[in-house]
Amino acid sequence: MKQIIYSIIIIGLLSACKTQKNIPQDEAIQYDNTSAFHFIKDAALTKVVDKAIKDDKLVFLDIYTDWCLPCQIMDEEVFSDQRLGDYINDKFVSYKVNAEQGFGPDIATLYNVKAYPTLLFLDHHGRILESKNGIMFHREFREMADRSIETDLNNGSSE
């Protein structure tokens, strides 16, 4: 029953997008402008991956909950850093999803999320290049991003 409801919602969202013919694809995507990272919000993972393919970038996925203290600390300390944000925005399409709302429960199930935050760097096929459960700060975050880019180049996923 739950799958039927999700299918109906996804079909409805896709139909709604098709009726907005005058709006370019990128403008139909909403961004969260509260941090230095340009996080996409309220979108299906397929739209995020499609944008990453179009922009020739990888995907950074932050799976969080509202009640998660480490998630809140990352918002304040890491995702607010303009220098790191500029780097990530240049190399990745960033997607922030609440594991308990909207598309979040399905994404959390898809990636077998057991802790928050769960931070994933994905290739153009949605496959995990790098992952981390729990909080991390600037240097570790940048190193993970760099490793994911290197792994993607070595795997030839961007071709």
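Check the entry above for the structure.
The rules we used
- Counting restarts for each chain, with residues numbered from 1 along the sequence as it is written.
- Side-chain atom pairs in this predicted model are given and counted only at pLDDT of 80 or more, local residue features only at pLDDT of at least 70, and totals for whole chains, interfaces and linings cover all residues.
- Hydrogens and waters are ignored; side-chain quantities use all the structure's heavy atoms.
- A strand pair is defined by DSSP finding two or more bridges across the two strands.
- Starting at the N terminus, helices and strands are each numbered in turn, a helix being any DSSP run of H or I of at least four residues and a strand any DSSP run of E of at least two.
- Lines are fitted to the C-alpha atoms to define the axes, a helix being fitted only along its stretch in contact, and any angle between axes, read from their N-to-C directions, falls within 0 to 180 degrees.
- Note on definitions: a residue-residue contact is assigned when non-hydrogen atoms from the two residues lie within 4.5 Å.
- In what follows, roughly perpendicular refers to angles from 65 to 115 degrees, roughly parallel to angles under 35, roughly antiparallel to angles over 145, and oblique to any angle outside these ranges.
- Each helix crossing is assigned a hand: it is left-handed if the near helix lies turned anticlockwise from the far helix by less than a right angle, otherwise right-handed if that turn is clockwise.
- Under the scheme applied, nonpolar residues are Ala, Val, Leu, Ile, Met, Phe, Trp, Tyr, Cys and Pro; charged residues are Asp, Glu, Lys and Arg; polar residues are all the others, including Gly.

A.B. asks: What should I look at first to understand the sheet that holds strand S3 (residues 58–64) in this one?
C.D. replies: Taken in spatial order, the 6 strands line up as S1-S2-S4-S3-S5-S6 in an open sheet, and their pairing is mixed. The sheet is open, and its two borders are formed by strand S1 (30–32) and strand S6 (128–133), each paired with just one other strand. Neighbour-to-neighbour, the strand axes of this sheet turn through a mean angle of 30 degrees, independent of strand direction. Across the sheet, helix H7 (residues 138–155) is in contact with S3, strand S4 (92–98), strand S5 (118–122) and S6; its angle to S6 comes to roughly 160 degrees.

A.B. asks: I keep staring at the side chain of Ser 94 and nothing clicks. Help me out?
C.D. replies: Its place among the elements puts Ser 94 in strand S4. The contacts of Ser 94, once residues within four sequence positions are left out, are Phe 37, His 38, Phe 39, Ile 40, Phe 60 and Ile 88.

A.B. asks: Please explain the packing of helix H5 (residues 82–91) against H7 as it appears in this structure.
C.D. replies: The axes of two packed helices give the description: the angle between them and the distance between them. The contact between H5 and H7 brings their axes to 11 Å, and the two run at 15 degrees. In this view, H5 runs roughly parallel relative to H7, as classed from their interaxial angle. Handedness of the H5/H7 crossing: left-handed. For the pair H5 and H7, contact is made by Leu 84, Tyr 87, Ile 88 and Lys 91 and by His 138, Phe 141, Arg 142, Ala 145, Asp 146 and Ile 149, respectively. In terms of residue class, the contact of H5 with H7 is built from 6 nonpolar, 1 polar and 3 charged.

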